[in-house]
Amino acid sequence: MSRFVGTRWPAALLLAVVVPSLVEAKPIAFANGTTVMTEYGAGTMEEVQAFYAPYYWLSAGAGYLQLDSDERNRARDIRYLRVNYLVKRWNLDDAQANVFAWGGLGTATGNDFRGSRLDRNAGFQADYETRRVYVSFMSDLHESDRYSHRVDTLQLGVAPYAYDYEDLATWFVVQGRHYTGDLHRGMEWAALLRLFKGGAWVEAGVTTKGKPQAMMMINF
């Protein structure tokens with residue numbers, strides 16, 4: 001799961017076992033592991049991803065993304081292959097910070113153009129987490145010769161109690177999301193409840209406009 005910067009001391013090997021208790025939604029979970037993620041945002045965004053990590057710093061896989069505009073009669077269906085890379089990781093006392101980057105190619109269809117288009121995908125995620133506080137920012141871009149859509153997501157989470165890997169973790173999360181390309185006007189805010197135990201992670205809630213949001217992740 002971990003890519004450690006600098007000398008790989010025995011303590012770093014111990015952290016590779018302990019740190020999964022801190023893990024949140026990331027494109028790479030651990031070496032020789034598979035991550036499956038699905039997300040649902042009513043009326044705007046649905047996505048399914050599956051990645052396999054041959055190393056703790058690299059994963060590759062495929063995804064399907066459906067985007068629907070609540071501003072215009074515009075829809076996208078995107079199927080893509082993607083590679084994820086752990087750019088840097090900081091292991092601190094009872095905390096961890098990460099920077100991930102990714103890129104990929106795929107095909108897209110839409111209701112405002114004919115046929116399929118080559119889709120280019122690029123993005124990054126930066127996060128910081130302890131067992132009580134979680135902060136992340138993610139930016140994900142899909143573009144072709146007919147469109148450009150970027151989804152920026154900021155999450156701030158607080159856990160009412162510290163937890164261990166075998167315990168059920170509970171988080172209260174505030175999420176702000178901004179869409180480009182005439183998908184949604186302004187910032188979309190949501191309040192989410194997140195539950196996490198072992199390799200299973202789920203969150204659900206509603207936006208300020210009453211639209212449901214949900215996400216699930218499984219590592220195995």
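Model, not experiment: these values are computed from the prediction. (Residues numbered from 1 in each chain as written. Predicted model: local features only at pLDDT ≥ 70, side-chain atom pairs only at ≥ 80, totals over all residues. Heavy atoms only, no water.)

*Asks:* Quick rundown of the overall build of the protein chain? Include the residues and the values.
*Replies:* Tallying secondary structure elements over the protein chain gives 1 helix and 12 strands in all. Listing every helix and strand of the protein chain by position from the N terminus yields α-β-β-β-β-β-β-β-β-β-β-β-β. Taking all 220 residues of the protein chain together, the buried fraction comes to 45%. Within the protein chain, counting contacts between residues at least 6 apart in sequence, those at least 24 apart form 48% of the total. (Helix = DSSP H or I, 4+ residues; strand = E, 2+ residues; numbered from the N terminus. Buried < 20%, exposed > 50% of the residue type's maximum accessible area, 1.4 Å probe, protein only. Contact = heavy atoms within 4.5 Å.)

*Asks:* If you had to explain the confidence of the model for the protein chain to someone new, which residues and values would you point to?
*Replies:* Mean pLDDT for the protein chain: 88, with 89% of residues reaching 70 or above. Predicted confidence for residues 1-23 stays below pLDDT 50, and this span has 46 contacts to residues more than four positions away or in other chains. (pLDDT = per-residue confidence, 0-100.)

*Asks:* So what's going on with the pairing of strand β1 (residues 33-41)? Which residues, and what values?
*Replies:* Burial along β1 is one-sided: the face carrying Gly33, Thr35, Met37, Glu39 and Gly41 is buried and the face carrying Thr34, Val36, Thr38 and Tyr40 is not. Here β1 runs beside strand β2 (residues 45-55); their pairing, made up of 9 bridges, is antiparallel. By the bridge assignment, Glu39 is partnered in β2 with Glu47. Connecting the antiparallel pair β1 and β2 is a turn made up of 3 residues, with Gly43 showing a positive phi of about 80°. The pairing of β1 with strand β12 (residues 212-219) spans 7 bridges and is classified as antiparallel. When the sheet's bridge partners are listed, Val36 is paired in β12 with Ile218. (Pairing = 2+ DSSP bridges.)

*Asks:* So what's going on with empty space enclosed by the protein? Residues and values would help.
*Replies:* Applying the stated rule across the entire model yields 4 cavities of 30 Å³ or more. Considering the residues around the largest cavity, the lining is formed by 26 residues, among which Ala25, Glu39, Gln125, Met138 and Met215 are closest to the centre. Going through the elements one at a time, β1, β2, β7 (133-143), β8 (148-158), β9 (169-179) and β11 (200-207) are the ones with two or more residues in the lining of the largest cavity. Classifying every residue of the lining of the largest cavity by side-chain character gives 11 nonpolar, 7 polar and 8 charged. (1 Å grid on protein atoms, 1.4 Å probe; cavity = no way out; pocket = protein on both sides within 12 Å on 5 of 7 lines; lining within 4 Å. Points joined across faces, edges and corners; volume = space filled by probe spheres on them. Nonpolar A, V, L, I, M, F, W, Y, C, P; charged D, E, K, R; others polar.)

*Asks:* With reference to specific residues and values, describe the nonpolar core.
*Replies:* Soluble globular proteins: nonpolar side chains tend toward being buried together. The biggest cluster of nonpolar side chains holds 15 residues, and the ones touching the most others in it are Ala25, Met37, Ala169, Trp171, Trp201, Met215 and Met217. Counting residues per element, the ones that place at least two in this core are β9, β10 (187-197) and β12. Not counting chain neighbours up to four residues away, the residues in contact with Met215 comprise Ala25, Met37, Thr38, Glu39, Trp201, Val202 and Glu203. Grouped together as the second largest cluster of nonpolar side chains are 11 residues, Met45, Ile78, Tyr179 and Leu183 included. (Core = buried A, V, L, I, M, F, W, Y, C linked by side-chain atoms within 4.5 Å.)

*Asks:* Got a sec to walk through a nonpolar patch on the surface? Specific residues and values, please.
*Replies:* Taken together, the side chains of Trp90, Leu92, Phe124, Tyr128, Val133, Val135, Phe137, Leu154, Leu156, Val174, Met187 and Trp189 present a nonpolar region at the surface, about 1,000 Å² in accessible area. For the nonpolar patch, the secondary structure elements donating two or more residues are β4 (75-92), β6 (113-129), β7, β8 and β10. The element contributing the most residues to the nonpolar patch is β7, with 3 residues. Mapping Trp189 onto the fold places it in strand β10. (Patch = residues over 30% accessible without salt bridge, like charges linked within 9 Å, V, L, I, M, F, W, Y side chains within 5 Å. Areas by Shrake-Rupley, 256 points an atom, 1.4 Å probe, with all protein chains shown as cover. Salt bridge = Lys/Arg side-chain N within 4 Å of Asp/Glu carboxyl O.)

*Asks:* So what's going on with the environment of Phe172? Which residues, and what values?
*Replies:* Examined against the element boundaries, Phe172 turns out to sit in strand β9. Residue Phe172 is classed as exposed on the basis of its relative accessible area of 51%. Each C-alpha atom, one on Phe172 and one on Ala191, is 7.6 Å from the other, the two residues being 19 residues apart in sequence. Excluding anything up to four places from it in sequence, Phe172 contacts Leu156, Gly157, Val158, Pro160, Leu192 and Leu193.

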